[in-house]
Structure formats: structure tokens, C-alpha cells
Amino acid sequence: MNFRERIFGFGRYFSALLLGAMATHSQATEIYFSEYAEGTPYYDRYLEVYNGSDSSIDLNDYVLAYCLNECATDGVWESVQVFSNNTFFPTATRTIASGGVYVIRDNNGSVSATIKNAADGKNPNMKISGNDPVALLRKETGFTQAKVKAGDTSVYTVMDTIGDPVNPATTSTVWGTSNGLTDHVLIKKQNKQGNTSWASSKGTDASDCDWVVKDKNDWSDIGQHSPGSGGDTTSPVVTLTG
């Protein structure tokens, strides 16, 4: 390696370190689940989505993907919920401001007043009962619901996931709590954002989990989220060429 190659190589190495250091303190660039609730009665359940970007986000660019109990094929979502239905997701509330949240409740008319008052939309296909995986997906070029359900992963990007889309269905230990998705409220920890790996997100104990697990029907945090001052602590992958 000659002197010029060494200098060029050092420059690339220094740039990678600098970009990594800057990314450590950057804010999340997209949206993610900030809260999950599954309680008793069954319809007192909701999902909360947080906009961690620096601009408003239109939910029409995203969908929720589900499997009821289990996915027939590992990794293939069986149900897709879009946000374009004005009856369930009114146009006036479908835009999430930077730093804002969007609460999606069950469509049942007997939902607790606390949840109903905090909700921005209601989902007629609310399938979360402890072993039902759900993901927040961003639409990409060529997106259709049929393609998602056919297993075409090129038409979407996973922003966040709760539960594993596998067969047979599984319950999860979250925060070291068995059956953590049943009769519990999950709140995303500060400085934790979307995670496409449920194994990483649920962790093995309170220290390495992305969530804080609370008792069922503890809805004291609904309608708000504190992302923390550290922002997104995951450094990007830097690819160098030349």
C-alpha cells in the first residue's frame, strides 16, 4: 500500500467513525409502536404509534399487518389494515405531527372511556390477544395488500413489530414477564425506537428489553410518549466504496 492509499484509507475510516458518532445522537427517522395494551374485557386494547421524525407523517403511507393466533407460513402476514377508511380513521386525524402519537382502539362500542377519549382511530380488525403478531409497515413501490399477504417483502418496509409471525403461535416473555402480551400494557422505553427483531425487542429481562411492562388496564400513559434525550441510539451501517 503506497502513501496515497494509506491517506485515503484513513480518510474513509475517520469518516465512518464520524458518521457513527453523529448517528448515536440523531433522532429516529420514522414511526414506531410506543404503547401496546391487551386487557380485560378483551376489547379494552389499543396500539399507540409515535412519530419520531422531524416532520409530520401521513398514515396513508403505512399499514398494520396481522396474523390471527398464528401465521400459516412463517414470516407471511395474513391480514392488512390500511388507514384510508374515513369511518374508522378520520382524515382529520390521520396526520401525526412530529413528536405526536396516534392511538388505535378496538371498534367495540363498549371500550373504556379512557381509551375511547384518547383514541384517534378505531380498528375493526383489532387482533391482539396475547399471541397475535402485529407489525407497522411502510408502503413501498408496487405495494398492494395482496402482495403483502402473498409474502412479497419488496413492497414494504417493517418499521416495528410486536410478536413473531410464525407457526405455531407463541406467547412471549417480555421484560422477563411470562405471557407478556396477555393482560399487560407495554410502553416503549426511552431511547428505544422501532425494532424489526421481536427477539431483540422483547429481551430476556428488564435490562435488555425495549419495553416497560405494566399491569393490565394501567392506561396512565396513553396518548403521550417520552422518547428520551438520546434519540435513536442505533448507528447506521456505513458502506464505503473506492
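For the structure, see preceding data.
Note that this is a predicted model, so its numbers are computed, not measured.

Calculation criteria
- The numbering scheme is per chain: residues are counted from 1 as the chain's sequence reads.
- The model is predicted, so local features are restricted to residues of pLDDT at least 70 and side-chain atom pairs to those at 80 or more, both for listing and for counting; the totals for chains, interfaces and linings are taken over all residues.
- With hydrogens and water stripped out, all remaining heavy atoms of the structure feed into the side-chain values.
- For the purposes of this entry, the term helix denotes a DSSP run of H or I that reaches at least four residues, the term strand denotes a run of E that reaches at least two, and both are numbered from the N terminus.
- We get accessible surface area from the Shrake-Rupley algorithm with a probe of 1.4 Å; when it comes to residues, only the shown protein chains can shield them.
- A pair of strands counts as paired when DSSP detects no fewer than two bridges linking them.
- For every element, the axis is a line fit to its C-alpha atoms; helices are fit only across the contacting stretch, and the angle between N-to-C directions ranges from 0 to 180 degrees.
- Exposed residues in this analysis have more than 50% of their type's maximum accessible area, buried residues have under 20%, and partly exposed residues fall in between, with area computed by a 1.4 Å probe over protein chains only.
- Two rings belonging to Phe, Tyr or Trp (six-membered ring only in the last case) form a pair when the distance between their centres is within 6.5 Å. Interplanar angles under 30 degrees mark stacking, angles over 60 mark edge-to-face geometry, and anything in between is tilted.
- Each reported salt bridge corresponds to a side-chain nitrogen of Lys or Arg within 4 Å of a carboxyl oxygen of Asp or Glu.

## Brief notes about the overall build of the chain
- Along the chain, the regular secondary structure elements total 4 helices and 12 strands.
- When the accessible surface of the chain is summed, it comes to about 11700 Å², and 51% of that surface belongs to carbon and sulfur atoms.

## A look at the sheet that holds strand β8 (residues 121-123)
- Across the sheet, which stays open at both edges, the 6 strands sit in the order β8-β7-β2-β1-β11-β12 with mixed pairing between neighbours. Either end of the sheet is taken by a strand with one partner, and the two such strands are β8 and β12 (211-215). On average, each strand axis in the sheet is tilted by 25° relative to the strand beside it, whichever way the strands run.
- Sheet topology places strand β7 (residues 101-106) next to β8; 3 bridges connect them, and they run parallel. Each bridged residue has a counterpart across the sheet, and for I104 the counterpart in β8 is G121.

## Examining the pairing of strand β4 (residues 62-66)
- Judged by how many residues are buried, β4 sits mostly within the fold: 5 of 5 residues are covered.
- Of the two faces of β4, the one lined by Y62, L64 and Y66 and the one lined by V63 and A65 are each fully buried.
- As paired strands, β4 and strand β9 (residues 134-139) are joined by 5 bridges and run antiparallel to one another. Bridge pairing links L64 to L136 in β9.
- Pairing analysis gives 4 bridges linking β4 to strand β5 (residues 79-82), with the strands arranged antiparallel. Considered in β5, the bridge of A65 is made with V80.

## Here we look at the packing of aromatic side chains
- Tallied over the full model, the rule gives 4 aromatic pairs.
- Judged by centre distance (4.9 Å) and plane angle (70°), the rings of F83 and F89 are edge-to-face. F89 carries the same exposure label as F83, and that label is buried.
- Feature note: the residues F83, F89 and Y102 constitute an aromatic cluster, connected by ring pairs.

## Some points on the pattern of salt bridges
- Scanning the entire structure with this criterion turns up 6 salt bridges.
- Linking E140 and R138 is a salt bridge whose minimum nitrogen-to-oxygen distance equals 2.8 Å.
- Linking D218 and K214 is a salt bridge whose minimum nitrogen-to-oxygen distance equals 3.4 Å.
- It is possible to trace a salt-bridge network through shared partners that takes in E30, R138 and E140.

In short, geometric facts, not functional conclusions.
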